[in-house]
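What follows is the residue order along each chain.
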Amino acid sequence: MAANESNKIAVVDAKEGKRTALIDVDKIPHPGRGANFNHPKFGPVWATGHLGSEKIALIGTDPKKNRQHAWKVVQMLDGQGGGNLFIKTHPKSANLYVDTPLNPDSKIARSVAVFNIKDLSAKPKILPIADWAGIPEGQGRIVQPEYNKAGDEVWFAVWSAKDQTSALVVVDDKTLKPKAVIKDPKLITPTGHFNIYNTQHDVY
């Protein structure tokens, strides 16, 4: 859980109901559910972005087999900028998606950054999701990457004002190319969208 403008992440033991650790991160962490994956060097980690900076914090989560890294920031990645709400990966994917819908730069807010988990030293690829949806410049903020059950495609909401065109964009996780664009007058400012299976089984 985030500790708001104290710039810390609190780790709580869900069984004991006690605080396990308090971790210094960057400006205004916004974890949501965050993202869990195996870091090639540090083992199991959990990742969170920030509202107030471009940083993505990777925190060790395995006190049994990787005690020296547990509850510590093992690596900071540089995303596109502040304004992150959601960060997501999948056990069957090598990609880590980071949105920035609250960034004041429209070009950044209309795109997402994709990191290669197998090579986190590489710069992220930037996907122009709103452009793929055909949403005019100055409209549409891309929010919440959400995997399908198979983990081979990712859905994004193009979040526009209520009197503007919004959309859902489906991206192929392997090629990072658009598979489908869904538009409908009933899609009014879409934001949160969840795969039911993944949500029920904590696949994130």
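This is a predicted model, so every value here is computed, not measured.

### Topic: the pairing of strand β8 (residues 95–99)
Among the five residues of β8, five are classified as buried, and the element is accordingly described as predominantly covered. Of the two faces of β8, the one carrying N95, Y97 and D99 and the one carrying L96 and V98 are both buried. Direction of pairing for strand β7 (residues 87–88) relative to β8: antiparallel, over a ladder of two bridges. Within the sheet, the bridge partner assigned to K88 lies in β8 and is Y97. Where β8 and strand β9 (residues 112–116) come together, five bridges link them in antiparallel fashion. Bridge pairing in β9 links V98 to A113.

### Re the layout of surface pockets
Taken as a whole, the second largest pocket spans an internal volume of roughly 160 Å³. Taken together, Q80, K107, I108, R110, S111, I126, L127, P128, D131 and E137 make up the full set of residues lining the second largest pocket. At the level of elements, α1 (106–109) and β10 (125–127) are the ones that each hand at least two residues to the lining of the second largest pocket. Looking at the lining of the second largest pocket residue by residue, the classes come out as four nonpolar, two polar and four charged.

### Remarks on the sheet that holds strand β14 (residues 178–182)
Strand order in the open sheet made by the four strands is β11-β12-β13-β14, with antiparallel pairing throughout. Each end of this open sheet is capped by a strand with a single partner; those strands are β11 (141–147) and β14. If you compare each strand with its neighbour and ignore which way they point, the axes differ by 20° on average.

### Things to note about the pattern of salt bridges
All told, the structure shown has seven salt bridges when counted by the stated rule. Residues E54 and K55 are paired through a salt bridge, measuring 3.8 Å at the closest nitrogen-oxygen approach. On the basis of relative accessible area, E54 is assigned to the partly exposed category, the value being 29%. Linking K88 and E146 is a salt bridge whose minimum nitrogen-to-oxygen distance equals 2.5 Å. Pair noted here: K88 is in strand β7 and E146 is in strand β11, with a separation of 58 residues, a long-range link. Note on accessibility: K88 and E146 belong to one class, buried. Through salt bridges that share partners, E54, K55 and D78 make up one connected network.

### A word on unusual backbone geometry
For Q144, which is not glycine, the phi dihedral falls at a positive 60°. On the secondary structure map, Q144 appears in strand β11. Among the residues examined, Q144 registers a relative accessible area of 0% and is labelled buried. Phi is positive for T189, which is not a glycine, with a value near 45°. Using a relative accessible area of 27% as the deciding quantity, one classes T189 as partly exposed.

About the thresholds
Residues numbered from 1 in each chain as written. Predicted model: local features only at pLDDT ≥ 70, side-chain atom pairs only at ≥ 80, totals over all residues. Heavy atoms only, no water. Buried < 20%, exposed > 50% of the residue type's maximum accessible area, 1.4 Å probe, protein only. Helix = DSSP H or I, 4+ residues; strand = E, 2+ residues; numbered from the N terminus. Pairing = 2+ DSSP bridges. 1 Å grid on protein atoms, 1.4 Å probe; cavity = no way out; pocket = protein on both sides within 12 Å on 5 of 7 lines; lining within 4 Å. Points joined across faces, edges and corners; volume = space filled by probe spheres on them. Nonpolar A, V, L, I, M, F, W, Y, C, P; charged D, E, K, R; others polar. Axes fitted to C-alpha atoms, helices over the stretch in contact; angles between N-to-C directions. Salt bridge = Lys/Arg side-chain N within 4 Å of Asp/Glu carboxyl O.

Spatial relationships are all this shows, so hold off on functional conclusions.
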